[in-house]
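# Reading the structure
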Amino acid sequence: MIKIKSLINLLKSNNCNFFTGVPDSILKELSFSLKNKSKKEHLIATNEGSAISLGIGYYLASKKLPCVYMQNSGLSNALNPLISIAHKKVYSIPLILIIGWRGSPNIKDEPQHNVKGKITKELLKLLNINFTILRHNRDLKKFNKLIKSAKKNKSIVACLIERGTLEKNKKKSVSRDYYKLDKEFFLKSLIENIPKKSRIISSTGYNSRELLYLRKNYSLSKGKDFYMVGGMGHTSSVALGYSLSTKKKVICIDGDGSFLMHLGSIKTAGNFSKDNFKYVLLNNNTHNSVGSQNTYADNINFEKFTKALGFKKFYSIKNKKNLKNKIKKFISEKSASFLEVKIANSKIKNLPRPKNLIKIKNEFMKND
Ligand SMILES: Cc1ncc(C[n+]2csc(CCOP(=O)(O)OP(=O)(O)O)c2C)c(N)n1
């Protein structure tokens, strides 16, 4: 096991004081230890490509190495600026990457993580990124050497960290609720009030897992679900693509972190959606599933924003008052509509995970 303090000190000793990235559950301890940094020193980015680009900008101004952290699934978002800007044969920008290694071949994980986990080292090799796997304190020495080489050769280096490597902080981080409405209560009310043949497409993390839990626990049978177990940020695009070729109501259930990750796609939905497209933003202002880091979505005026993007109708729910009626009106609205639900973090312990993905897909695609 490695103390996060040792890792941070190592970076500090290399004059690295700038951090940016997208949160990951494996790197929760890192997020926790960066919590009190100033806005100039630590930026939670909306996607991993942006994080790499923020690091590139920082280097251009400071000549110092930035530290960019991410889950390995986000490595694919990072590829474009890594290859087309920072690569040794392009601008040769030195960067330090800290990558949470989901699906490492040594550790049991979900299907979507196993696929990426298996090719993560190969991907880094293809990118000519020297890396080391951090498992023990002694591995920090190897990482130190890599960082020194990155400085000297203006290259990108990385470390891979598996689940359970970073020692848990003794002070338990409490996930703060920005809003009060109970998520289980809201989602249950939503499913109870949709037409039977509806289709739900739900985002990565707790939203999909909570939906699955509700289906099982309360035998809720209205509609069918497609869980976005990966592809974070693409929920609205999958939902839009589906909705254009069906008459069924399509309900997109998205998280604020997911919404922000590829924000441009909501503009596409504003432009092209038909009346059957119903977008539900579960806004808890956090990346709840990976440690409840802030998303900064609380200060967006979603009504003005989504109307400007082409949504004809906007609904807002923040408590139980009139909830059922609001849901019904939103669902039966004769135009594409956007619902922001100001909601508390998930309260259910040990949420289930979607397992038989092919069966889920086949069920979703069945005619009814
Ligand atoms: C491309 C990518 N980057 C990072 C992650 C890790 N990750 C999984 S869920 C999640 C947070 C999602 O936040 P939000 O959409 O607000 O939903 P909540 O967790 O709050 O329910 C993150 C960052 C991922 N799965 N994929």
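Residues numbered from 1 in each chain as written. Predicted model: local features only at pLDDT ≥ 70, side-chain atom pairs only at ≥ 80, totals over all residues. Heavy atoms only, no water.

## Topic: the sheet that holds strand β5 (residues 130-134)
- With respect to topology, six strands assemble into an open sheet ordered β2-β1-β3-β4-β6-β5, the strand pairing being parallel. Of all the strands in the sheet, the pair left with one neighbour each is β2 (42-44) and β5. On average, adjacent strands in this sheet sit at an angle of 20° to one another, irrespective of strand direction.
- As judged from the five bridges shared by strand β3 (residues 66-71) and strand β4 (residues 95-100), these two strands associate in the parallel manner. Along β4, the bridge assignment pairs tyrosine 69 with isoleucine 98.
- Packed on one face of the sheet, helix α1 (residues 4-13) meets β1 (18-21), β3, β4, β5 and β6 (156-161) and runs near 170° to β4. (Pairing = 2+ DSSP bridges. Helix = DSSP H or I, 4+ residues; strand = E, 2+ residues; numbered from the N terminus. Axes fitted to C-alpha atoms, helices over the stretch in contact; angles between N-to-C directions. Contact = heavy atoms within 4.5 Å.)

## Re a positive patch on the surface
- A cluster of basic side chains, namely Lys196, Lys222, Lys324 and Lys328, defines a positive patch on the protein surface.
- Tracing the chain through its elements places lysine 324 in helix α13 (residues 323-332). (Patch = residues over 30% accessible without salt bridge, like charges linked within 9 Å, V, L, I, M, F, W, Y side chains within 5 Å. Areas by Shrake-Rupley, 256 points an atom, 1.4 Å probe, with all protein chains shown as cover. Salt bridge = Lys/Arg side-chain N within 4 Å of Asp/Glu carboxyl O. Lys, Arg positive; Asp, Glu negative; His and termini not counted. Charge placed at Lys NZ, Arg CZ, Asp CG, Glu CD.)

## Some remarks on the nonpolar core
- If you look at the biggest cluster of nonpolar residues, it comprises 29 residues, and the most contacted ones within it are Phe186, Ile253, Val280 and Val341.
- Elements with a minimum of two residues in this core: α7 (183-192), α8 (206-218), β9 (250-255), β10 (277-283), β13 (313-317), α13 and β14 (337-342).
- Ignoring anything within four residues of it in the chain, the contact list for isoleucine 253 reads Leu187, Leu190, Ile200, Ile201, Ser202, Ser203, Leu211, Thr235, Val280 and Leu282. (Core = buried A, V, L, I, M, F, W, Y, C linked by side-chain atoms within 4.5 Å. Buried < 20%, exposed > 50% of the residue type's maximum accessible area, 1.4 Å probe, protein only.)

## Notes on a nonpolar patch on the surface
- A cluster of nonpolar side chains, namely Ile85, Val90 and Tyr91, defines an oily patch on the protein surface of about 290 Å² accessible area.
- In this fold, valine 90 is placed in the loop between α4 (75-86) and β4.
- Under the relative-accessibility criterion, valine 90 is labelled partly exposed at 42%.

## Points about the domain arrangement of the chain
- Under the domain assignment, the chain is made up of domain 1 (4-161) and domain 2 (183-365).
- One C-alpha centre belongs to domain 1, the other to domain 2, and the line joining them spans 31 Å.
- On the side of domain 2, 15 residues touch domain 1, which itself brings 15 residues to the contact.
- When domain 1 packs against domain 2, close to 1200 Å² is buried across both sides, 60% of that on carbon and sulfur atoms. (Domains from an automatic or database assignment. Buried area = accessible area lost by both parts, 1.4 Å probe.)

## Some words on the packing of aromatic side chains
- Applying the stated criterion across every chain, the model contains 13 aromatic pairs.
- The interplanar angle of 85° and the centroid separation of 6.4 Å between the aromatic rings of phenylalanine 259 and phenylalanine 305 together place this pair among those described as edge-to-face. Of the two residues, phenylalanine 259 is situated in helix α10 (residues 256-261) and phenylalanine 305 in helix α12 (residues 302-308); the sequence distance between them amounts to 46 residues.
- By relative accessible area, which is 3% here, phenylalanine 259 ends up buried.
- Seen from the ring of tyrosine 218, lysine 188 lies directly overhead, with NZ or CZ sitting 4.9 Å from the centre.
- In this structure, lysine 320 packs its charged tip against the face of phenylalanine 185, placed 4.2 Å from the ring centre. (Phe/Tyr/Trp six-rings, centres within 6.5 Å; stacked < 30°, edge-to-face > 60°. Lys NZ or Arg CZ within 6 Å of the ring centre and 35° of its normal.)

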